[in-house]
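# Fold and contact review
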Amino acid sequence: MKKEKYLSAIFAFILWGTWSYFINVKDENRFISSFFQGIASFFITIFMVRLIIVFNRLFINSSFYIVAILTVIITSSIVFIGHLLINTQNIFYTIAPTVVVSLLFSVFMAKKVSKIS
């Protein structure tokens, strides 16, 4: 299981870092933005399932949708603030696809975790 988690994180780094590079092609900070997006995606991919488990335990008897949405709000806020700090020009287009994929993944995992508990 750990191997798959890290492979997924490496894939997220490559996919979302590359996406950020190309969406910010006219930005002089595109390399920094893409590297930040890749690193953030790597760690969030590893961290997200743990956060879902914590929220599931914290909000007992809550809908798994609440757990998923809270997870995405927190992780997306961290990425958004990071891009603000490094002055990424196209923040919305940089993070929008990752937010959508994160939400889908979080709903799936939150539902799975809530069935186990």
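Thresholds applied
- Residues numbered from 1 in each chain as written.
- Predicted model: local features only at pLDDT ≥ 70, side-chain atom pairs only at ≥ 80, totals over all residues.
- Heavy atoms only, no water.
- Axes fitted to C-alpha atoms, helices over the stretch in contact; angles between N-to-C directions.
- Helix = DSSP H or I, 4+ residues; strand = E, 2+ residues; numbered from the N terminus.
- Parallel < 35°, antiparallel > 145°, perpendicular 65-115°, else oblique.
- Left-handed = near helix turned anticlockwise from the far one by under 90°.
- Contact = heavy atoms within 4.5 Å.
- Nonpolar A, V, L, I, M, F, W, Y, C, P; charged D, E, K, R; others polar.
- Buried < 20%, exposed > 50% of the residue type's maximum accessible area, 1.4 Å probe, protein only.
- Phe/Tyr/Trp six-rings, centres within 6.5 Å; stacked < 30°, edge-to-face > 60°.
- Expected span 1.5 Å × (residues − 1).
- Arc of directions from axis to C-beta.
- Patch = residues over 30% accessible without salt bridge, like charges linked within 9 Å, V, L, I, M, F, W, Y side chains within 5 Å.
- Areas by Shrake-Rupley, 256 points an atom, 1.4 Å probe, with all protein chains shown as cover.
- Salt bridge = Lys/Arg side-chain N within 4 Å of Asp/Glu carboxyl O.

Before going further, it helps to examine the packing of helix H3 (residues 64–85) against helix H4 (residues 91–116). Between H3 and H4, whose axes approach to 8 Å, the crossing angle comes to 150 degrees. Judged by the angle between their axes, H3 and H4 are roughly antiparallel. Considering only the axes of H3 and H4, their crossing is right-handed. Contacts between H3 and H4 pair Phe64, Tyr65, Val67, Ala68, Ile69, Thr71, Val72, Ser76, Val79, Phe80, His83 and Leu84 from the former with Ile91, Thr94, Ile95, Val99, Ser102, Leu103, Ser106, Val107, Ala110, Lys111 and Ser114 from the latter. Taken together, the residues of the contact of H3 with H4 break down into 15 nonpolar, 7 polar and 1 charged.

Here the focus is unusual backbone geometry. Look at Asn61: it is not a glycine, yet its phi comes out positive at around 65 degrees. Positionally, Asn61 belongs in the loop between helix H2 (30–58) and H3. Of note, the phi angle at Asn87 is positive, near 65 degrees, even though the residue is not glycine. The class of Asn87 is partly exposed, set by a relative accessible area of 45%.

This part is about the packing of aromatic side chains. Enumeration over the complete set of coordinates arrives at 7 aromatic pairs. Residues Phe31 and Phe35 carry aromatic rings whose centres are separated by 6.5 Å and whose planes lie at 15 degrees to one another, so their mutual orientation is stacked. Linking Phe31 with Phe35, this pair stays in helix H2, spanning 4 residues, or about one helical turn. Residue Phe35 is classed as partly exposed on the basis of its relative accessible area of 46%. Pairwise contacts between aromatic rings join Phe13, Phe31 and Phe35 into one cluster.

For helix H1 (residues 2–23), which comprises 22 residues, the first-to-last C-alpha distance of 31 Å matches the rise-based estimate of 32 Å (1.5 Å per residue) to within 8%. Among the residues of H1, Ala9, Ala12, Trp16, Gly17 and Ser20 are the ones counted as buried. Angularly, the buried residues of H1 cover 110 degrees about the axis, an arc narrow enough to put them on a single face. Opposite the buried face of H1, at more than 90 degrees from it, the exposed residues are Lys3, Leu7, Phe11 and Phe22.

For the rest of this paragraph, the subject is the environment of Phe36. You can see Phe36 is positioned in helix H2. With 46 residues separating them along the chain, Phe36 and Gly82 place their C-alpha atoms 7.8 Å apart. Other than its neighbours up to four places away in sequence, Phe36 contacts Ile78, Val79, Gly82, His83 and Ile86.

Taken together, Tyr65, Ile69, Ile73, Ile74, Ile78 and Leu103 make up a surface patch of nonpolar side chains, about 540 Å² in accessible area. When residues of the nonpolar patch are assigned to their parent elements, the largest contribution, 5 residues, is made by H3. Topologically, Ile73 is positioned in helix H3.

Function-wise, these values are silent; they only describe arrangement.
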